[in-house]
Amino acid sequence: MAGLRVVKSRDEFEGEIFESLAIIQGSDLPPHAAGAEFEEIGKARKRIDGVQRVTGRATYTQDVVLPGMLHARVLRSPYPRARVRAIDSKKAEALPGVRGVLHRFNSPKAAFRGEETIFRDEVRFIGDEVAAVAADDVETAVRALGLIEVEYELLPHVTDLEEAITDEAPRLEDGGNVFDAGSLKRGEARQAFKDADAVVEGTYRTSTQLHNSLESHGAVAQWDGQILTVWESTQHVFGVREGLRAALLLPLSQIRVICDYMGGGFGSKGGVGKYSIIAALFAKQLSRPVRCVLTRHEENLAAGNRSATLQKIKIAAKDGRITAIDHTSWSNAGQGRWVANPTGPTNTLYDFANLTTKSYRVVTNAGSLSAFRAPGYVEGTFALESAIDELAERVGVDPLTLRRRHAASQTDPRTTKTYSLKRLLECYSIGAREIGWSKRRAGGTRGSAPHRRRGIGMGTQIWGGGGGPPAYATVHFNSDGTVILRAGTQDIGTGTRTVLAQICAEELGVDLDRISVRIGDTEGPYGPISAGSLTLASVGPAVRLAARDAREQFLGAAAGVLEVPRTELRMERGHIVSKGARTPISEVSKKLENNTVIGKGSRWPNPESLAIKTFGAHFAQVEVDTLTGEIFVEKVVAVHDIGRIVNPMTAASQVQGGVIQALGFALSEERVVDRSLGRVMNADLEWYKIPTVLDVPEIVVRFTDRPDRRANNLGAKGLGEPPIIPTAAAVANAVANATGVRLRHAPMTPARVLEALAVIQ
Amino acid sequence: MGADSIPRCSIPSNDMPPFRGPDAVDISLTVNGQGATAHLRPQRSLLELLRGPLGLTGTKLVCNAGNCGACTVLVDDRPVYSCITLAVACEGKRVETIEGLSKDGELHPVQEAFIDHDAYQCGFCTPGQVMSIVALLRTKGKPTEDDMRRAVTGNLCRCGAYVNIVKAGMSAARRATK
């Protein structure tokens, strides 16, 4: 093949910029012309896999049942920190129905996230993997776990963030418990603080949030002597394949990973888990399919979380502008090796001239963090946008007006590149109108009863979402004229199949129901992780190119079949159209028999000179009961600037979902750990409070809906994370407006509200 | 929950069959209109019976503790959490699951409405949500929006599809009464 080139691409993933290579060939498609008429793009289409979802026929990993399948269960550490001195599994092995036991003294090495084995010598949190059993049924596996004798040597532990950063805390690693995780300096903050008219300082806290995807993490593994097939509930089939390769040292060609449907991930299902490696090790060892699926309790101990944070912000104003900010953050990473950086929004959202930010990773004896929908940005935006409101109040400027002064810039302050498209001020205008900002009164208004106060607040969102290479798609015509679109992405609940089919149908000129989408399988062409709000912006442009390629090839073949010059043919609504004649595609494809047209498309690199970001703003109206401390969120207006909207119906669903999940973070969700025992006290759905239908306010969803033509050939950016970012700050600012007190700890529970109210009484 | 809301785990105690076990027992019941028999230990839940021996995996296992509603099925028209309902307690009863709703390839109006209103995201809670609404519509032909919300208060949706779930339920109610 001629014309292959390799170019560098700079892509953003969860707040960090990565440089990657992209192989490109031919030329990219230009973006759709302004004012182009669409058949599919921009239309509210029902999900093409809706019938499977409502009939129970959609197959999730939990539903995969294979002949002879064994059930694996995991023995987890009951101690927050201990050395595993010895394990005696003889009694467990002798139990009828038990087929295998794995632990650190008998298990083959299996590399996992920088460690040599999945069973640690020193277990470091309650829930850490100690051993695993494979048995004929779950009940036998569970009984066998109870027969494994483990000799632990207990070691001093610390689970709490603020305890772990003190000098008295046990040192968990050679370097201590606190590690640098990034810093940024711009201008001369120190001098600007000296020169300021007003300086506001605050300490903010956010609690550990548990993902609680309804489908727990899990995998089913099958080894046929040559191919290891793993069904896994995951956001990245190719990532799982890479993780299995690293652990089992099998060639990639011998590993296949499938995720047909998955029951939520929210960032926590980004790669291989120990459960998948356990299932695969047993499957290879025992030559039987093995299922290893976490219980709800395990899910809440060992499957990730959003780090608790401690954040200190100092912010200054002079002459009605923000002149300096200092933001320092500590994150409880548990045993995780990275940090979801809460200072990301501070670094990038506004054109602050003078800034210092620092982020620290704190190691504790608690479950590791994993990405949780806009990791770091949810926590950081809560603090930043609260602090800006406090400053606005101090200097007597309307908080929205103060933000407008710093949100107009068309330059990314971190990279000094121009934004491909930024319509944040328009988001502000739309949101202010929808919530009735002009009626906002300093000090709030009376609520529905004398002891109830009503207030309005807002918060701003910045996030990446530009996507990037590599991402591929293929499109082929069957002999009956139907179309199969393949991409190695997966649908985590956003409607990926449907939007990709819409893009394909649009480009091909065929009806949506002619297109079948095959995703969630490493047998398809590579697709990126469904995270970082990058799926549509990465895979969508590749689908468009693949469809275009298939169409061009098919028209070439049709020219031969119909004996009409190629230049006179076009494809339109399922037909090959030439001067005056319309031939159904199926008629042409039938004549081609099994001579198959396969179109290929790949994602082109992002423009080198531009910064691609998504923006938005949420406005909240709340009522606060000053006797009970309850916060009632009455209305949230969510406005987002994310480029072109491919499917307004599924897009609105994602925004509603983001707002509701954000309200959980803001008001009710909090992992509670007993410090002395190191135990999670609410590792379930009874005492860990996720929002129910009764907690849902009126939600108004608006988009600027302007294609970002300079971002990619589709003009679309990501939407998964933006709607969870600014809600908590909007609520906190509305509460402050309503009551005059500032809640600096999320979730803003009734107890914390009452505590704050008592401060001013 | 309001006084008129639909009871959960609603096998009344005076309706319980006599003590059985401790070894495996035979049970027979009706599942989706067809007779079904199973031989299982009496501590097995209805959910285990459905997902295991009967192979009906449309009903989802999430919390296994009666907290989330993902496993909601109908027993004699009433919604129950099948994870905390004993299979033996359903002896002789009529159990309906998500698989039994569509007849001759025709979707149930609630299923149709879920598709029309995008009342799901990942879809894992969907079978339970649908069954809870089907149960409501059998007892109340013209529910209010408040009735609809209360019917699914016991069904958690982590993706936050609640707004559209309520819309879909109301739309199905209107369709059914037409």
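All of these numbers come straight from a predicted model, not from anything done at the bench.

A. Expanded view of the domain arrangement of chain B. Residues and elements named next belong to chain B. The domain architecture assigned to chain B consists of domain 1 (13-100) and domain 2 (109-177). Each partner contributes residues to the interface: domain 1 has 17 residues there, and domain 2 has 13 residues. When domain 1 packs against domain 2, close to 1,200 Å² is buried across both sides, 63% of that on carbon and sulfur atoms. The salt bridge involving Arg138 is made with Asp77; its shortest N-O contact spans 2.6 Å. Scanning the region where domain 1 abuts domain 2 turns up seven residue pairs in polar contact (both at pLDDT 80 or more). Contributions of two or more residues to the side of domain 1 that touches domain 2 are made by strand 3 (72-75) and strand 4 (78-81). With three residues, the single largest contributor to the side of domain 1 that touches domain 2 is strand 3. In the side of domain 1 that touches domain 2, the residues fall into nine nonpolar, five polar and three charged.

B. Inspection of the sheet that holds strand 3 of chain B at higher detail. Residues and elements named next belong to chain B. Judged by pairing direction, the sheet is mixed, and its five strands sit side by side in the order 2-1-5-3-4 without closing on themselves. With one partner strand each, in any of the chains shown, strand 2 (34-40) and strand 4 form the two edges of the open sheet. Along the sheet, successive strands turn relative to each other by an average axial angle of 40 degrees, direction set aside. Here strand 3 pairs with strand 4 via four bridges, running antiparallel. Bridging from a neighbouring strand, Leu74 pairs with Pro79 of strand 4. Running at roughly 35 degrees to strand 3, helix 3 (residues 126-139) makes contact with strand 3, strand 4 and strand 5 (94-96) of the sheet.

C. Geometry of the sheet that holds strand 20 (residues 452-463) of chain A. Residues and elements named next belong to chain A. Taken together, five strands build an open sheet; the order of strands is 19-20-29-30-33 and the sheet is mixed. The strands lining the two open edges of the sheet, one partner per strand, are strand 19 (445-446) and strand 33 (698-703). Judged from the 10 bridges that link them, strand 29 (residues 614-625) and strand 30 (residues 631-641) form a sheet pairing that is antiparallel. Bridged to Val622 within strand 30 is Val633. Of the strands in this sheet, strand 20, strand 29, strand 30 and strand 33 touch helix 12 (residues 424-435), which is tilted by about 25 degrees from strand 29.

D. Geometry of the packing of aromatic side chains. Residues and elements named next belong to chain A. Per the counting criterion, the structure on display carries 11 aromatic pairs over all chains. Ring geometry for Tyr60 versus Tyr261: centroids 5.9 Å apart, planes at 50 degrees, classification tilted. Here Tyr60 is found in the loop between helix 1 (50-55) and strand 3 (70-76), whereas its partner Tyr261 is found in the loop between strand 13 (255-258) and helix 7 (274-286), with 201 residues between them in sequence. Across the pair, exposure class does not vary: Tyr60 and Tyr261 are buried alike. Between the aromatic rings of Trp437 and Phe619, the centroid separation amounts to 5.7 Å while the plane-to-plane angle is 85 degrees, which identifies the pairing as edge-to-face. With Trp437 in the loop between helix 12 and strand 19 and Phe619 in strand 29, the pair connects residues that are 182 residues apart, well separated along the chain. This pair shows no difference in class: Trp437 is buried, exactly as Phe619 is.

E. Region of the structure containing the domain arrangement of chain A. Residues and elements named next belong to chain A. Assigned domains within chain A: domain 1 (4-60 + 467-602), domain 2 (64-155 + 214-302), domain 3 (162-210 + 308-400) and domain 4 (409-465 + 607-761). Of note, the centres of domain 2 and domain 3, computed from C-alpha atoms alone, are 37 Å apart. Taken together, the contact pairs 12 residues of domain 2 with 14 residues of domain 3. At the boundary of domain 2 with domain 3, total buried surface from both sides reaches about 1,000 Å², with 49% on carbon and sulfur atoms. By the criterion of area lost to domain 3, the three top residues of domain 2 are Arg81, Arg124 and Phe266, representing 44% of everything that side buries. Across the contact surface, domain 2 and domain 3 share one salt bridge. Of the charged contacts, one joins Glu115 and Arg337 as a salt bridge, the two residues approaching to 3.4 Å between their closest N and O atoms. Across the domain 2-domain 3 interface, the total number found is six residue pairs in polar contact (both at pLDDT 80 or more). Its residues assigned to classes, the side of domain 2 that touches domain 3 shows four nonpolar, three polar and five charged.

F. Molecular detail of unusual backbone geometry. All names here are of chain A. Omega for the bond connecting Pro469 with Pro470 falls within 30 degrees of zero, at -5 degrees, which places this linkage in the cis form. Its place among the elements puts Pro470 in the loop between strand 20 and strand 21 (472-477). Here the residue pair Ala746 and Pro747 is connected by a cis peptide bond, since its omega of 5 degrees sits within 30 degrees of zero. Positionally, Pro747 belongs in the loop between strand 34 (745-746) and helix 18 (750-760).

G. Focus on the interface of chain A and chain B. On the chain B side, the residues contacting the 48 residues of chain A number 41 residues. Between chain A and chain B lies a buried interface of about 3,700 Å² when both sides are counted; carbon and sulfur atoms form 58% of it. The largest per-residue losses of area from chain A upon contact with chain B belong to A:Val54, A:Leu214 and A:Val693, which jointly make up 20% of the total buried on that side. The tally of links from chain A across to chain B stands at seven salt bridges. Here B:Lys60 ties to A:Asp63 by a salt bridge, and the two come within 2.6 Å at their closest N and O atoms. The tally of links between chain A and chain B comes to 23 residue pairs in polar contact (both at pLDDT 80 or more). Within the residue set of the side of chain A that touches chain B, elements represented by two or more residues are helix 1 and helix 16 (648-668) of chain A. The biggest single contributor to the side of chain A that touches chain B is helix 16 of chain A, with eight residues.

H. Molecular detail of the environment of B:Glu96. Residues and elements named next belong to chain B. Assignment of secondary structure puts Glu96 in strand 5. We classify Glu96 as buried; its relative accessible area is 13%. In this structure, the C-alpha to C-alpha distance between Glu96 and Leu47, residues 49 residues apart in sequence, is 12 Å. A polar contact of 3.4 Å, which involves the side chain of Glu96, links it to the side chain of Arg94.

I. Local environment of the nonpolar core. Counting 134 residues, the largest nonpolar core has A:Ile315, A:Phe619, A:Ile631, A:Val731, A:Met748 and B:Phe114 as the members making the most contacts within it. In terms of residue count, the dominant contributor to this core is helix 16 of chain A (10 residues). Counting 43 residues, the second-largest nonpolar core is a separate cluster that includes A:Val483, A:Ala505, A:Leu555 and A:Leu714.

J. Structural context of the environment of A:Arg518. Residue and element names in this part refer to chain A. Within the element layout of this structure, Arg518 appears in strand 23 (residues 515-518). When the C-alpha atoms of Arg518 and Asn713 are compared, they prove to be 22 Å apart, with 195 residues separating the residues in sequence. When residues no more than four places from it in sequence are discounted, the contact partners of Arg518 are Ile484, Leu485, Arg486 and Ala487. There is a polar contact of 3.1 Å between the side chain of Arg518 and the side chain of Ser516.

K. Geometry of empty space enclosed by the protein. All names here are of chain A. Inspection of every chain in the model, using the stated rule, returns six cavities of 30 Å³ or more. Empty space within the largest cavity amounts to approximately 580 Å³. If you go around the largest cavity, you meet 39 residues; those closest to its centre are Ile492, Thr494, Gln654, Leu719 and Gly720. Among the secondary structure elements, those contributing two or more residues to the lining of the largest cavity are helix 13 (496-508), helix 14 (535-562) and helix 16. Size it by volume and the second largest cavity reaches roughly 200 Å³. If you go around the second largest cavity, you meet 16 residues; those closest to its centre are Arg10, Ile17, Leu610, Ala611 and Ile612. Those elements that place two or more of their residues in the lining of the second largest cavity are strand 1 (4-13) and strand 28 (610-611). Residue contributions to the lining of the second largest cavity peak at three residues, all from strand 1. Each residue belonging to the lining of the second largest cavity can be placed in one class, and the counts come to five nonpolar, four polar and seven charged.

What counts and how
- Every chain is numbered on its own, with residues counted from 1 as its sequence reads.
- As a convention, the first chain written is A and the first ligand written is 1, with the rest following in written order.
- pLDDT decides what is reported in this predicted model: residues at 70 or higher carry local features, side-chain atom pairs at 80 or more are listed and counted, and totals for whole chains, interfaces and linings draw on all residues regardless.
- Each side-chain value is derived from all of the structure's non-hydrogen atoms; neither hydrogens nor water enter the calculation.
- Source of the domain bounds: an automatic or database domain assignment.
- Residue contacts are counted whenever heavy atoms from the two residues lie within 4.5 Å of one another.
- Buried area: the sum, over both parts, of the accessible surface (1.4 Å probe) that disappears when the two are put together.
- In the sections that follow, a salt bridge refers to a side-chain nitrogen of Lys or Arg positioned within 4 Å of a carboxyl oxygen of Asp or Glu.
- For the purposes of these results, a polar contact is taken to be a pair of N or O atoms within 3.5 Å, where, inside protein, one atom must be able to donate a hydrogen and its partner to accept one; residues adjacent in sequence count only when each atom of the pair is a side-chain atom.
- In DSSP terms, a helix is any run of H or I states spanning at least four residues, a strand is any run of E spanning at least two, and both are numbered starting from the N terminus.
- Here the nonpolar group is Ala, Val, Leu, Ile, Met, Phe, Trp, Tyr, Cys and Pro; Asp, Glu, Lys and Arg are the charged ones; every other residue, Gly included, is treated as polar.
- Between any two strands, at least two bridges found by DSSP are needed for them to pair.
- Whenever a helix is involved, its axis is fitted only over the stretch in contact; in every case the axis is a line through C-alpha atoms, and angles between N-to-C directions fall within 0 to 180 degrees.
- Working definition: rings of Phe, Tyr and Trp (its six-membered ring) pair if their centres are within 6.5 Å, and the pair is stacked with planes under 30 degrees apart, edge-to-face with planes over 60 apart, and tilted otherwise.
- Here the term buried applies to any residue with accessible area under 20% of the maximum for its type, exposed to any over 50%, and partly exposed to those in between, with areas from a 1.4 Å probe on protein chains only.
- Only buried residues count toward a nonpolar core, which is a set of Ala, Val, Leu, Ile, Met, Phe, Trp, Tyr and Cys residues joined through side-chain atoms within 4.5 Å.
- Using a 1 Å grid laid over the protein atoms alone, points where a 1.4 Å probe fits but cannot get out form a cavity; open sets with protein on both sides within 12 Å along at least 5 of 7 lines form a pocket; any residue with an atom within 4 Å of a point counts as lining.
- Grid points are joined across faces, edges and corners, and a volume is the space filled by probe spheres set on the points.

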